[in-house]
Each structure stands twice: as C-alpha cells, then as structure tokens.
Amino acid sequence: MPVCNGIGQGLRRMGKITPRESGQTSIRSYFTRDSDKPHEEKRQMTAVATLAGAFSHTPLDWHSIAWKQVHRNVKRLQARIVKATQAKRWGKVHALQHLLTHSLSGKALAVRRVTENRGKKTPGVDQHVWPTPEKKMQALHALRQHGYQPSPLKRVYIPKSHGRLRPLGLPTMHDRAMQMLYLLALDPIAETTVDKNSYGFRHNRSTADAIAQCYNVFRLKQSAQYILEGDIKSCFDGISHEWFMANVPVDKGILKQWLKAGCIDKHILYPTEVGTPQGGPISPTLMHMTLAGMETLLREH
C-alpha cells in the first residue's frame, strides 16, 4: 500500500491522473464530499467576516475610525443579504445577519447614527447621552449581545396637528444603538420584501416621490378617478407580538426583549403586551414588514 500510494501521488504531480471527486469514504462516514462548493462558500463567508469586522487599523479614538471603509463593509454585507433574500436562502441570510451584527463596522455605524440624529440629546430612562468622542468610543466597545438586557422605555407625549397628543416610547441610547445595529441587518430584507409603492420612513424616498407616483397613475384619461384613504387606529400599538416573532427575520431573543421591555410613564412601569413603540429606530421597519402585502391584496380585489 505505501508503494501504491507513492506511485499515485507521483503520477498526480506529473498530471497523469485526474483526482476524482471523492464520495463517501466508508460506511462510518457522516459526510459525503461531493464537490468543493461548500468549502468555497465557507471560505467566502470567512473572508466577508474578516472584512466586515476589522478596520484597516485599530481605532484608538472615535476620530481615527476609517468611516469610508466602515460604510463599504456594511454595504457589502447588506448587498449579500439582499441576494440571499431574493434566492430565499434563509440560512445564509441568518449567517450574514450574524456577521453584520457582530462586526466592528456595524457597531461603529450604529453608534454614529444614533449620536448624529435629531434625538441625540434626548435621553432615555437612564438619563445618559453620548455627546463626546470618548463616550461614543465607550459605547462602541459596550455594544455586545452577550448579557444584553434592554431598559424600559421612557414615555413622552408630542402634540399632533389636531391638538391631540401622540405617545412616544424612547429607548435609552444603548438600546437605540442596539436597535440600529440590528436594523442594519433587517433593512435589506425589508427593502426587498415590502410593497413597491410604500414611501414613509424609507431610504431615499420622500413625499415628493409619492406625489410623482400619483401623477403617473392619474395623468391618463383611462386612469382611475378616485383615491382611497385609510387610517389604521393606533397601528403601532396594536400589532401582535406573536406575529412579530413568527414573521420578522431577526434575532428572536433580542426582538422579544425589545417587545417586552415595558414602559415608564410618570414613574410607573407598565408592561407592553402588544405593539411596538413609536420612537425606537427599528419600529418603522417593523411597521413596513407588518403592512407588506397590502398593495398586492388590494390589486387582487
């Protein structure tokens, strides 16, 4: 046997024998190596994880982060999530989401977005904000999934146009950053699956886009002559938590904690049994995914 093996290896080096695709090597074998595709895909995923998780240099402070590379890494993973979603490869979608939500690039971008929006000076129940580069860097290193426990929401009320008050539930800065991190991994799926003519709270869409679509629909003589307007009462507050858990492709453990975090109103803690609070970064996307399919249903009727 040693001699035969030596001859076979020598012939392979000389190009005289083409190596076969190996199958099951014995009855005791648990895996059949049919081709190199699984190994190639694993190498690709490892390469993507390296690119997504590492900066070109170790950032010593907030201003030393290479933001162009951060955006490039996140967009690369998001593009792969879109392709996997279109192919309905949900296992790969989950793996790519895990890479993104555990990457340094994803965490850095999440902290940056919640500290540069209009609510950056509005604290949650812990009264903490992150106004300085040092605070932002500490937040980046503290953004970990292990042992994560969200705080209750802070209930505030803002006036509406007709004089009534709209309740908002404000998460803490840490919870906002965690929601933003998972939103980076959920948005590509939502943008792929939600209705085509949905314009509120979506990237690169505005009221002007909705007006332009209305013009395109009504400008012809044979176009429809009326518009149906509807208003879902307390829409955010009435969605079933069970529906969220069954239909939103995101980490179920963390999603459940957000939904059940409770709300503090006038120093009293109230449980949250249904709905998603208005005020969290991920809430508008959860709403879009809840209403997805309505356009198709209306066309059918």
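Here we summarise the structure given alongside this text.

Parameters at a glance
- Note that residues are indexed from 1 along each chain, following the sequence as it is written.
- Given that this is a predicted model, residues contribute local features only at a pLDDT of at least 70 and side-chain atom pairs are listed and counted only at 80 or more, while totals for whole chains, interfaces and linings are drawn from all residues.
- Each side-chain value is worked out from all heavy atoms of the structure, with water and hydrogens disregarded.
- The definition of a nonpolar core used throughout is a set of buried Ala, Val, Leu, Ile, Met, Phe, Trp, Tyr and Cys residues joined through side-chain atoms within 4.5 Å.
- Exposure classes here rest on a 1.4 Å probe applied to the protein chains alone. A residue is buried below 20% of its type maximum, exposed above 50%, and partly exposed in between.
- Numbering goes from the N terminus for both helices and strands, where a helix is a DSSP run of H or I of at least four residues and a strand is a run of E of at least two.
- Here a residue-residue contact requires only that any non-hydrogen atoms of the pair lie within 4.5 Å.
- What makes two strands pair is DSSP finding at least two bridges between them.
- Side-chain rings of Phe, Tyr and Trp, where Trp is taken by its six-membered ring, are said to pair if the distance between their centres is within 6.5 Å; with planes under 30 degrees apart they count as stacked, over 60 as edge-to-face, and otherwise as tilted.

## Side note on the nonpolar core
- Within the largest apolar cluster, 50 residues are counted, with the highest numbers of intra-cluster contacts made by Ile65, Val248 and Trp258.
- Looking at this core, the elements with two or more residues in it are α3 (67–86), α4 (90–101), α5 (104–114), α6 (133–142), α7 (173–193), α10 (252–259) and α11 (283–291).
- For this core, the element with the highest residue contribution is α7, accounting for 12 residues.
- Discounting residues that sit within four places of it in the chain, Trp258 has contacts with Tyr148, Pro150, Met178, Gln179, Tyr182 and Ile282.

## Brief notes about the pairing of strand β1 (residues 153–159)
- Sheet topology note: the β1/strand β3 (residues 263–265) ladder contains 2 bridges and is parallel. Residue pairing for β3: Lys154 is matched across the bridge by Ile264.
- Pairing geometry for β1 and strand β2 (residues 165–170), over 6 bridges, is antiparallel. When the bridges of β2 are listed, Ile158 appears paired with Arg166.
- Counting the residues in the hairpin turn of β1 and β2 gives 5 residues, including Gly163, whose phi is positive at 100 degrees.

## Looking at the packing of aromatic side chains
- Taken as a whole, this structure holds 3 aromatic pairs when the rule is applied.
- Measuring from ring centre to ring centre gives 5.1 Å for Trp62 and Trp67, while their planes differ by 65 degrees; the resulting arrangement is edge-to-face. Note on accessibility: Trp62 and Trp67 belong to one class, buried.
- Measuring from centroid to centroid gives 6.1 Å for Trp243 and Phe244, while their planes differ by 70 degrees, and the two rings are edge-to-face.

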